[in-house]
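# Understanding the architecture of this molecule
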Amino acid sequence: MAKRKTGTSRAEAPMPQPRTLRRGDVELAVYEWPTTAESAPVVLLVHGYPDSASVWRHVAPLLAGHCRVVAYDVRGAGHSTHPNHTAAYALEELVADMAAVVDDISPDAKVHLVAHDWGSIQGWEAVTTQPLAARIASYTCFSGPSLDHAGYWIAQRLRHASPAALSQLGRQLAHSWYVGAFHFPGVFPTMWKAGLDHAWPQLLAKLERVQTEASETQRADGVDGIKLYRANFRQRLSSPSERYTNVPVQLLWPRHDHFMVPEIWDDLPRWVSRLWRRDVDAGHWLQLSHPQLVADYVTEFVHFIETGKESAGLKRAGHRAAAMGKPDAGKLVVITGAGSGIGRETALLYAERGAEVVAVDVDEAAAQRTAELAELLGGMAWARAADVGSTKDMETLATWVRKELGTPDIVVNNAGIGMAGSVLDTSVADWEKILHVNLWGVIHGSRLFAQQMVASKNHGHIVNVSSGLAFFPSPMTPAYATTKAAVRMLTECLRAELGGKGIGVSAVYPGVVNTGIVSRTRFVGTTDVEQQRRQSKVQRLYERRNLKPEAVAAAIVDAVEHDRPEVLVGVETVGIRTLSRLSPALWRRLARSNIGM
Amino acid sequence: MADQALDLSAFRDVQRLAYQCAETIAAELKPGMTEREVAAQMKDWLLARGVNDWFHQPFAWFGERTAFRGFVGFRHLGGFNPAFYPTWKRLEPGMAFILDVAPSLNGISADIGYSGALGGNAIVDRIMDDLLDYRELILGMVRERRHLSEVSQAVDRLCARQGYEPRHKAYPFEVLAHRVEMLKPDEKAHTSVMHFGLRNLTALGRDMLRGKREGWSPLWSSNAASDHPPTPGLWAVEPHLGFRGITGAKFEELLLVTKDGARWLDDDVPHVRRWMERGLWPVKKSQAA
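Residues numbered from 1 in each chain as written. Chains lettered and ligands numbered in written order. Predicted model: local features only at pLDDT ≥ 70, side-chain atom pairs only at ≥ 80, totals over all residues. Heavy atoms only, no water.

Right, let's get into the overall build of chain A. Within chain A, the secondary structure is distributed over 21 helices and 17 strands. Based on the C-alpha atoms only, the size of chain A along its principal axes is roughly 95 × 50 × 40 Å. Buried residues in chain A amount to 56% of all 597 residues. When the accessible surface of chain A is split by element, carbon and sulfur atoms take 56% of a total near 24,900 Å². With 64 positive and 61 negative side-chain charges, chain A shows a spacing of 7 Å between the two charge centroids. (Helix = DSSP H or I, 4+ residues; strand = E, 2+ residues; numbered from the N terminus. Buried < 20%, exposed > 50% of the residue type's maximum accessible area, 1.4 Å probe, protein only. Areas by Shrake-Rupley, 256 points an atom, 1.4 Å probe, with all protein chains shown as cover. Lys, Arg positive; Asp, Glu negative; His and termini not counted. Charge placed at Lys NZ, Arg CZ, Asp CG, Glu CD.)

The structure is reproduced here in C-alpha cells:
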C-alpha cells in the first residue's frame, strides 16, 4: 500500500516545455513528460479550476516510469488561449479541445484519462460523448461529477422530498456556495485581481493543508475560469440529459472534500456500467496532497485495463462501487466472535448495509462460514482466526487489517464466553479463562484499533458488547457479570478519552439473547451430568424469551449511527438497570435470590 | 405392510410422479404467476394422472415466503398455520420458490418438496448445496438408532453452525418429518378438508393414539415426544432452511426405517441429481457428516 503523506512540502517539480496545438482560434499548451517507455499506454491528465496543467507536476513524473504522460492547459487557463466570450467555455467546446489533444498525442491507441475537479466534469462529458468516448480506455476521476448526473441527482431528491433527501441536497448546496457566488457579476474576478492570486498558495495551505507554489498565470486562471461555471451550470443542472458510459471508471473519493458530499456519487452505478471506487483520507486536491497514491492508483488501473489482471485492491474498489447507495458502503468493519450468534448476525447485517467485513473468531471454520454468508448477501468479507485474549493473536490481526485493508471504520468487540456458579466455586483457572476472553479480548480490540484510528485521524467507532448482567449482581453468574461490568467501565473510560478525537465508543447491553452461548457456558462446581441439566434448563429459558441476535445486531448499528454511549437490548435489561438506579436496596435484595439456577 | 417389496415400489412410483409434477411445473414458471395459479396447475397435473386423494394438496411459496419469515415465535393456532396456503404473491425474476405437494394414488402417498429459483439465485444455490449435509446427517443418525428428537436437535445445531434457521419449525407441530401410512387401495376420489386429505389425517391421528400407548410419535421434532428410537415405517422428512428471512429452500422425500436400518426410498430424486451434477454426490466417506 502506498504511503499517505499530508501537508509535507516538496521541492519544486519542473514542468516540461509546452508545445502548441491549434484548434480553431484557440491555442492549447500541451505538456509531455519525458519517458523511456515510448510504446507504453498514454495517460492524459486534465486539471480543474482555478488550476492549470502544473497542478499535475508532482504526479506526472511518478507515472512517467510506466506510461507516456501528457497534460494540457484547458482553454482559459495557463498558457492556452483565454477566450473572452463566456459561450466559448461551453462543455461542447472543452470536449472538442480534449478530442483534438487525444488525436494529436495518440492517433491510434486509446488513452487513459485522469481528471480532477472541472477537468473531471469535462471527463464525464468525454466518456459519455461519442466518438471521443471510443478513444478512451479508462477514466480515473476525482472531485468532479457530471453536471448532467448532478442535475438528475438534484431533481430526484427534490421529487422524493423526504427529509433525508432534502438534507443531502441542502448539504451539497452548502458545499457548493461558491458556484452561486460565481454567477454574481464582478465579485470573484475583482477578488482575484485584488490579490487572491498571490494569497492562493497560503489559502490552500491553511484550508486544505496542501503545499503549492504561486503560479504566474494564477490571476488570469482564476478570473477566466469563472466562465466555465457561467457557461454550463445553469443549463446543465436545470435540463440535464441522460449520459451513460461503458468506459471503465475509477472514482477516487477523498473523504474530506470540502466541495462535495459523498451522496453525490450514490446514483453513479445507474450511469456507469463498469465502476471502481477508492476512498482516500484526503481533501479536494488529492494530486497535491497524495501524488504517490494517485500515481499508484492510476498505474494499477491502467495495468488492469491493459492486461485484464485485477489486483486485490481493485477487487475491493469494485465491491465498494457495487455497494454505493447502501448506508454503510465503503466502511470497513471488524467483528470479533463473528463465527456465531450476535457476532455473525452483526457481520451479516453490516454486509447487507454495504460494508466490508472482517469476521474474527477463535474457530476459523466458523469465521469462514460467516464470511461466505456475508458474500452471499453481496458483501465483501474476510475470515481471520484469533484468540481475542491473546496479545500476539490480536496484534497480528490488527497489523494485518491495517496493512491489507486500512484502518477500520467500525470495530465490534463481541467475543465472549459464559460462566455460571458462585464465586467460591469458581477456580483460579476458571477466572483466568473468562477474564482472558471477556475482558482481555475487549482490551486488546479497543486498544489496538483505537490506536490505529487515532493515528490515521479516522472518524472511527468502537462498540463493546457487554451484557445486561453487568448491572445485575447475583450469586449465579459472578465471574461473567464481573467481566461484563469491567467491559462497561472500560468502554465509558475509552469514550471519555476518545470522544474529543472524533472517535465514537459505545457499549451494548444485551438481555437474554438466544445464541449458542448457553451451550458453551461452563457451570462451575458441578458434575458433567448436572452441568448438562442446568444447560438445558437455561437454554429453555432463553428459548422461551426468544430474544434474537438480530435485535442486538440492530442495536450495534444504531449505536454507531447515532454515537450512543450505551444501548440496552431487551426489557429485562432496561428493568434491572432502572431498578439499580431507583432502588438499590430492592436491587440488592433481588440479587440475593437464586432464580432457579 | 404385508408385501413390503411391492408396496415400496408403489410408494417410489408415487414419489416420482409427485417430483415429475414439480419439475414439469417448475420448468414452466414465468414472472408474474401467482402462488395460487401455480398450486392449481400442480393439482390439475396430478389429478389428470390418476391422483385421487391427498396428504395435502399443492402448496407454492415465492420470494421471502420461502423463508417463512415471522412464522415462528408464537404457537400458531395450536400448531396449524394458515400462512401455508398459497397467496396472490407474484413470481419475479431471480426469486426463490418452493413447490410442496403430497398426493395419494390408490391408497399410496408421497410427500415431496422441490426448491429452486426463477433464473439464478446464489442464496438458493448455496442452501441447496448445504441440504446435502442434512440428508447425510439424518440418515446416518437414524442408522445409528439415535432417538428421533436427538436427530432433530442435531439438525438444529447444524443449522446454527451453518447460519440458517430451521424453518420446518414453522410447520404444524414443528415437525422435521411425519409418518406416511398406506391407505385402503381404491380408485374413488376422496375428501380433503382445508387442503388436507381426510383419510391421511385420520391415519396420522390413529398413529398418534397408537404412539401414545407405545411410546412414540408420528410427528418427528426436537421435542420430548420424539424422544424414542426410530420407528419402523415410512417417514416424509423435510428439512427446510431459511436465511435471514429473505430466502429459504427445502427438500422432502420418504425415508424408509426398518427394525435395524434405514435408507432413502429413492436416490433418483431431483436434489440428488443436482448434487451429482455439481460433483457433491455420492459423498466421500471422509466428508460425511
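We are not done yet, so read on.
Let us now look at a nonpolar patch on the surface. A grouping of Phe184, Val187 and Met191 of chain A is seen on the molecular surface, where their side chains present a nonpolar patch of about 290 Å² in accessible area. The residue Phe184 of chain A is located in the loop between α6 (177–182) and α7 (187–207) in this model. (Patch = residues over 30% accessible without salt bridge, like charges linked within 9 Å, V, L, I, M, F, W, Y side chains within 5 Å. Salt bridge = Lys/Arg side-chain N within 4 Å of Asp/Glu carboxyl O.)

Okay, the interface of chain A and chain B next. How big an interface is tends to be stated in terms of the accessible area lost upon association of its parts. Counting from both sides, the interface comprises 13 residues of chain A and, opposite them, 14 residues of chain B. Between chain A and chain B, roughly 1,100 Å² of surface is buried when both sides are summed, and carbon and sulfur atoms account for 47% of that area. Summed over the three residues of chain A that lose the most area to chain B, namely Arg344, Arg369 and Leu376 of chain A, the buried surface amounts to 47% of that side. Our count for the contact surface shared by chain A and chain B stands at five salt bridges. A salt bridge links Arg244 of chain B to Glu352 of chain A; the shortest N-O distance between them is 2.9 Å. The interface formed by chain A and chain B holds eight residue pairs in polar contact (both at pLDDT 80 or more) in total. At the level of secondary structure, the elements contributing two or more residues to the side of chain A that touches chain B comprise α13 (341–352) and α14 (364–376) of chain A. The greatest single-element share of the side of chain A that touches chain B, amounting to five residues, is contributed by α13 of chain A. When its residues are assigned to classes, the side of chain A that touches chain B shows five nonpolar, one polar and seven charged. (Contact = heavy atoms within 4.5 Å. Buried area = accessible area lost by both parts, 1.4 Å probe. Polar contact = N/O pair within 3.5 Å; in protein donor to acceptor, adjacent residues only side chain to side chain. Nonpolar A, V, L, I, M, F, W, Y, C, P; charged D, E, K, R; others polar.)

Bringing the sheet that holds strand β5 (residues 165–166) of chain B into the picture now. Residues and elements named next belong to chain B. A sheet is described by the order of its strands in space; here three strands give the open sequence β5-β11-β12, paired in antiparallel fashion. Only two strands of the sheet have a single neighbouring strand rather than two, namely β5 and β12 (247–250). Two elements, β5 and strand β11 (residues 240–243), share two bridges in a ladder whose sense is antiparallel. Paired with Pro166 across the two strands is Leu241, which belongs to β11. (Pairing = 2+ DSSP bridges.)

Residues and elements named next belong to chain A. Note on placement: Asp361 falls in strand β10 (residues 356–361). Within polar-contact distance, the side chain of Asp361 engages the backbone nitrogen of Gly339 at 2.7 Å. Residue contacts for Asp361: discarding those within four places in its chain leaves Gly337, Ala338, Gly339, Ser340, Ala367, Arg384, Ala385 and Ala386.

Bringing the packing of aromatic side chains into the picture now. If you walk through the whole model with that rule in mind, you get 29 aromatic pairs over all chains. Summarising the aromatic geometry, the rings of Trp192 of chain A and Trp200 of chain A are spaced 5.2 Å apart at their centres and angled 55° between planes, so their arrangement reads as tilted. Given a relative accessible area of 2%, Trp192 of chain A falls into the buried group. Taking 5.5 Å as the distance between ring centres and 85° as the angle between the ring planes, the aromatic pair formed by Trp220 of chain B and Trp235 of chain B counts as edge-to-face. (Phe/Tyr/Trp six-rings, centres within 6.5 Å; stacked < 30°, edge-to-face > 60°.)

Residues and elements named next belong to chain A. Spatial ordering of the open sheet is given by β1-β2-β4-β3-β5-β6-β7-β8, a layout of eight strands whose pairing is mixed. Single-partner strands in this sheet number two, and they are β1 (19–23) and β8 (275–280). Averaged over all neighbouring strand pairs, the angle between strand axes comes to 25°, with direction disregarded. In this structure, strand β7 (residues 249–254) lies alongside β8, joined through six bridges in parallel fashion. (Axes fitted to C-alpha atoms, helices over the stretch in contact; angles between N-to-C directions.)

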